[in-house]
Amino acid sequence: MLGEGILKGMAETARNFFGSYFSADRMTTVEYPEQRIAPFEAARVFPFLVYDAKNPGDAADWEAGLRCVACQICEKECPPKCIYIEKSTGKKPDALGKPQFYPARFDIDISVCMSCQICVEVCPFEAIKMDTEFELSTDDRFGGLLLDRKQLAKSNEYYHQIHLTEANGVDARLAAEKAKAEAKTKAAAGAAAAKATSIAAAAAGEGA
Amino acid sequence: MSDFQTHFASDSEKLEGWNRPAMIAPDGDGELLEVAMGPHHPSTHGVFRMDVALDGERVIRLKPVFGYLHRNHEKIAEGISYLASMPYTDRLDYICPITNNWAYALAVEKLTGQEVPERAEYLRVILGELTRFQNHASSIGFLIQEMGASGTPLMYAFREREKILDLFEELTGARMMVNYMRFGGCRVDASPVWLEKARQVVESLPQFLDEFDRLLSSNEILMARTQGVGMLPAELAVNAGVTGPMLRASGVNYDIRKVDGYGIYNRFNFRVPLGDHGDVYDRYMIRLLEMRESLTILRQALKDLPAGPVMDPKAKIRGFRPKPGEAYGRIEAPKGELGFYLISDGGPNPYRYRVRPPSLINLTILEDMCLGQNVADVVLIFGSVDIVLGEVDR
Amino acid sequence: MKTVEEIKSAIEAAVLGAAVEIVPNPSVSGQHSLRLAPGYVLDVAKFLRDDAELKLDFLSNVTGVDWPDKEVAEKVMVTRTVAKTVDGVEQQVEETVSETRKRVEPGFLEVVYHLYSVEKKHGPVVLRMRTVNRTDQADLPSLTPIWRSAEFQEREIFDLYGVIFAGHPDLRRLLMWDNFKDFPMRRDYVEPDDFEYEPTAHDAVLKRAQLHQAALTGQPGEEGRPEMGASQ
């Protein structure tokens, strides 16, 4: 019969149309922005800088707790070159107590950033991670999309909120590094103390 | 001289023997109507222009014009490192970023001789076949929409595509611009949770394919509009460098997954559908059948996925300097043969980085296929070539 | 499939006088190429396409490569007669000194063809052709009459590198607009820097944008902001 194919097709359409009232599988739209889908844990939008606050929840010491040491590796590896870093002149101690440089200026131009996540991959200090916030449109054409250090700095607690498993992994790695460094200093201190006592004993032995 | 006059004043009539488009003599003695279809056009799959000379409704001459999306990807790649080009390859054929990444990683691995761990190969196949599925689904959807079906099959295809894109986002962090492959493996391992979700998606897709088939394949309007339209003979297809579903629809058995056997495709049992006539209907059916074969491969790959690392442990992320030399690596991307030709001079950046774009080369015979047909068929034939301007223009 | 040496001998046997040179590929891929002299290329290409054993009927990829002029510094031993005092007597003595001489090796443009066989399912066979120089003798014969797939790809090489393909049916620019001057993919291409204002510019880009703003409007803009109603 001519038209049989068309009728079969219309039966399919009818099934989808009426089915969308009953089965969730066929109703796939979400009325954004009143309803929102929770983002996936791995989702990445634009980078942000992680800082460790001494007192959790205290946003005042973001500058002191920034993990970034301005090594500029992310700036070199960024494909569209959207990161701009200016190293500081002085140093300040980092989480392990070592004096490190810090970024006096750290700009990311998010109108250029392509969310490729290579900066996160190459950072040796776990200082830059991917954020999930995407509603960043602004009406300021001349700088609204250039995020500076203060806008990029977000706390480690926020990082835990958006990427829990990843953040736990990072914390474990940093804690292991810290433990290794402490063990090394303890061993060095022990060796130095042993050396000092042996020198003192030798001096005392000589003096006697 | 206007644009048209420069296009049509070519000397192609002078050449003997090469496969040039057949001359069609216009009836009557009126002037030819010159129409510019595009670049602002709802059906040109992007910013693409066709300068068409019509005699009434029949196409006498057709010249494709593109370059509106030219982003100079090849020159940018000469200025940045090999790894930094990987996110740019996502944006070539932006419907299938996984296969773009794969082709580039394959070319670099050919250049350096790096080994890819087995689990990474399986993951590449799984994601590659998912990409092929969603690409063919969108391609058929867009083709039918250009026929006037005002979006219903397209939206059904997109509904399934959303499931696949959700899988990509969960694994790689981004729906489309995945930046997933690395030289020597994959960036991220797939967790058992993700693999279970992938299995569920693959289980739900055959039902969609059956629905799609019932909706479209025996539809009389579709058959009347696409059968016998845009025929492409096999010898012309091979000589013009056409690859992918277009070539197989003309009856040529050439699927790079079978011919080159790159990766681990030799382990999978799948068929290669071939067409008889080389018209638009055959290309539509080939894509539908290839989606079924993709599901076969997916089931086998998800079952046999071994444990292990996903990156070659000796692979370097920073300071990657391949030794001097060159390599051409190609894969069967959903659109055709996607190849990367790299010349290395020992430095951190490639000396020459060339993308062999299947969409551009498949467009070589667009004129041949459209001559003598009605202008309404031009849109259909063009839709059946399945191009993406990101790849054509790079 | 035959090795590169076997293909070379087959070509030389079939096309008399064809100059074929093997260009070795040091990388692991092992894809060595055959360099052809432009004079015999069409006959060689026809042989490769129609030969019963090779049957390379599928031209996959045509690439252009730019090799610019290279300055080579060589140490040369130069013998010269110099006036020198030997034992208080002025004499003409021959002296051999090593000097560094700089010369310019002329650059050329290269076109690389990757051929496969759909019938025999083998490949790739890589062919190369080089132009004489990059300035006035940058032309090569086109292989479009043999393999139609070269049509758009050779147009692109003409557009981006400036290689003129003799015998190409429709040699126009492909990606750039028709009136564009210059060849963008060449290594010595200078980008124009008179682009429009870039909002979030800093340091070098900002200074350039401010200079252009000043040139356009006759007065320096504030942080590069275009004045309302300024002529563009």
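The rules we used
- Every chain is numbered independently, its residues counted from 1 as its sequence is written.
- Here every chain gets a letter starting at A, and every ligand a number starting at 1, in the order they are written.
- A pLDDT threshold of at least 70 governs which residues receive local features in this predicted model, and a stricter bar of 80 or more applies before side-chain atom pairs are shown or counted, although totals over entire chains, interfaces and linings include all residues.
- Numbering of helices and strands runs from the N terminus; a helix is a DSSP stretch of H or I covering at least four residues, while a strand is a stretch of E covering at least two.
- Counting other C-beta atoms within 10 Å of a residue's own tells you its class, since 20 or more makes it buried, 12 or fewer makes it exposed, and anything in between is partly exposed; those C-beta atoms are placed from the backbone.
- Contact between residues is assigned whenever the C-beta positions, reconstructed from backbone atoms, fall within 7 Å.
- As a reference, a globule follows 2.2 Å times the number of residues to the power 0.38, and the radius of gyration itself is taken over C-alpha atoms.
- Boundaries between domains were set according to an automatic or database domain assignment.
- At least two DSSP bridges between two strands are required for those strands to pair.
- Note on geometry: axes are C-alpha line fits, over the in-contact stretch for helices, and angles between N-to-C directions span 0 to 180 degrees.
- Classes in brief: Ala, Val, Leu, Ile, Met, Phe, Trp, Tyr, Cys and Pro nonpolar; Asp, Glu, Lys and Arg charged; the others, Gly included, polar.
- Along the chain, pLDDT gives the predictor's confidence residue by residue, from 0 to 100.
- For classification purposes, angles smaller than 35 degrees are called roughly parallel, those larger than 145 roughly antiparallel, those between 65 and 115 roughly perpendicular, and all remaining angles oblique.
- Here a crossing is called left-handed whenever its near helix is offset anticlockwise from the far helix by less than a right angle, and right-handed whenever the offset is clockwise.

**Observations concerning the overall build of chain C**
Here is step 1 of the chain: If you tally the helices and strands in chain C, you get 4 helices and 9 strands.
Here is step 2 of the chain: Listed by position from the N terminus, the elements making up chain C come as α-β-β-α-β-β-β-β-β-β-α-β-α.
Here is step 3 of the chain: Looking at the 232 residues of chain C, the share that counts as buried comes to 33%.
Here is step 4 of the chain: When contacts within chain C are restricted to residue pairs at least 6 apart in sequence, those whose partners lie at least 24 apart make up 53%.

**What to know about the overall build of chain B**
Here is step 1 of the chain: Broken down by element type, chain B carries 16 helices and 8 strands.
Here is step 2 of the chain: In terms of C-alpha radius of gyration, chain B reaches 22 Å, essentially the compact-globule figure of 21 Å for 394 residues.
Here is step 3 of the chain: Taken along its principal axes, the extent of the C-alpha atoms in chain B is 70 × 50 × 35 Å.
Here is step 4 of the chain: Buried residues in chain B amount to 55% of all 394 residues.
Here is step 5 of the chain: Counting only contacts in chain B whose residues sit at least 6 apart along the sequence, the fraction spanning at least 24 positions is 72%.

**Considerations on the domain arrangement of chain C**
Here is step 1 of the chain: Domain annotation for chain C reports domain 1 (4-67 + 108-166), domain 2 (70-104) and domain 3 (192-232).
Here is step 2 of the chain: Centre-to-centre, using C-alpha coordinates, domain 1 of chain C lies 46 Å away from domain 2 of chain C.

**Side note on the sheet that holds strand E6 (residues 128-130) of chain A**
Residue and element names in this part refer to chain A.
Here is step 1 of the chain: Here 3 strands make up an open sheet; going across it, the order is E6-E1-E8 and the pairing mixed. Single-partner strands in this sheet number two, and they are E6 and strand E8 (153-155). When strand polarity is set aside, the average angle formed by the axes of neighbouring strands in this sheet is 50°.
Here is step 2 of the chain: Examined bridge by bridge, strand E1 (residues 47-51) and E8 share 3 bridges and lie parallel to one another. Each residue of the ladder has a partner; that of Leu 49, found in E8, is Ala 153.

**Notes on unusual backbone geometry**
All names here are of chain A.
Here is step 1 of the chain: Between Tyr 32 and the following residue, Pro 33, the backbone shows a cis peptide bond with an omega angle of 0°.
Here is step 2 of the chain: One can find Pro 33 in the loop between helix H1 (4-19) and E1.
Here is step 3 of the chain: Non-glycine residue Lys 81 carries a positive phi angle of around 55°.
Here is step 4 of the chain: Inspection of the secondary structure assignment puts Lys 81 in the loop between helix H3 (73-77) and strand E2 (83-87).
Here is step 5 of the chain: Overall, the presence of 14 C-beta atoms within 10 Å leaves Lys 81 in the partly exposed class.

**Notes on the interface of chain C and chain B**
Here is step 1 of the chain: On the side of chain B, 43 residues touch chain C, which itself brings 33 residues to the contact.
Here is step 2 of the chain: Of all the secondary structure elements, the ones that give two or more residues to the side of chain C that touches chain B are strand E3 (58-67) and helix H3 (150-161) of chain C.
Here is step 3 of the chain: When residues in the side of chain C that touches chain B are grouped by element, the largest group, 6 residues, is from E3 of chain C.
Here is step 4 of the chain: Here the side of chain C that touches chain B is composed, by residue class, of 16 nonpolar, 10 polar and 7 charged.

**Regarding the confidence of the model for chain C**
Interpreting fine coordinate detail is not advised for predicted regions of low pLDDT.
All names here are of chain C.
Here is step 1 of the chain: Residue-level pLDDT values for chain C average 80, and 84% of them are 70 or greater.
Here is step 2 of the chain: When the criterion is pLDDT under 50, residues 220-232 qualifies, and its contacts beyond four places in sequence or with other chains add up to 20 contacts.
Here is step 3 of the chain: Two numbers describe this predicted complex: its pTM, 0.88, and its ipTM, 0.88.

**Description of the environment of Pro 79 of chain A**
Here is step 1 of the chain: Within the fold, Pro 79 of chain A resides in the loop between H3 and E2.
Here is step 2 of the chain: Through-space distance from the C-alpha of Pro 79 of chain A to that of Cys 116 of chain A is 8.4 Å; in sequence the pair is 37 residues apart.
Here is step 3 of the chain: Apart from residues lying up to four places away in sequence, Pro 79 of chain A is in contact with Met 114, Cys 116 and Ile 118 of chain A together with Ile 80, Ala 84, Pro 87 and Tyr 88 of chain B.

**Things to note about the packing of helix H5 (residues 118-149) of chain B against helix H12 (residues 280-304) of chain B**
Residues and elements named next belong to chain B.
Here is step 1 of the chain: Viewed as axis vectors pointing N to C, H5 and H12 meet at an angle of 155°, and their least axial separation amounts to 9 Å. Relative to H12, the element H5 lies roughly antiparallel. Helix-helix and strand crossings are classified by hand; for H5 and H12 the assignment is left-handed. The residues of H12 that touch H5, namely those facing Tyr 122, Val 125, Ile 126, Glu 129, Leu 130, Arg 132, Phe 133, His 136, Ala 137, Ser 139, Ile 140 and Leu 143, are Tyr 284, Arg 287, Leu 288, Glu 290, Met 291, Ser 294, Ile 297, Leu 298, Ala 301, Leu 302 and Asp 304.
Here is step 2 of the chain: Looking at the contact of H5 with H12 residue by residue, the classes come out as 15 nonpolar, 3 polar and 5 charged.

**Looking at the packing of helix H7 (residues 192-216) of chain B against H12 of chain B**
All names here are of chain B.
Here is step 1 of the chain: Where H7 contacts H12, the axes come no closer than 10 Å and their chain directions differ by 155°. In this view, H7 runs roughly antiparallel relative to H12, as classed from their interaxial angle. Two packed elements cross with a definite hand, and for H7 against H12 that hand is left-handed. Contacts between H7 and H12 involve Leu 195, Ala 198, Arg 199, Val 202, Leu 205, Pro 206, Leu 209 and Asp 213 from the first element and Leu 288, Met 291, Arg 292, Leu 295, Leu 298, Arg 299 and Leu 302 from the second.
Here is step 2 of the chain: For the contact of H7 with H12, the residue count by class is 11 nonpolar, no polar and 4 charged.

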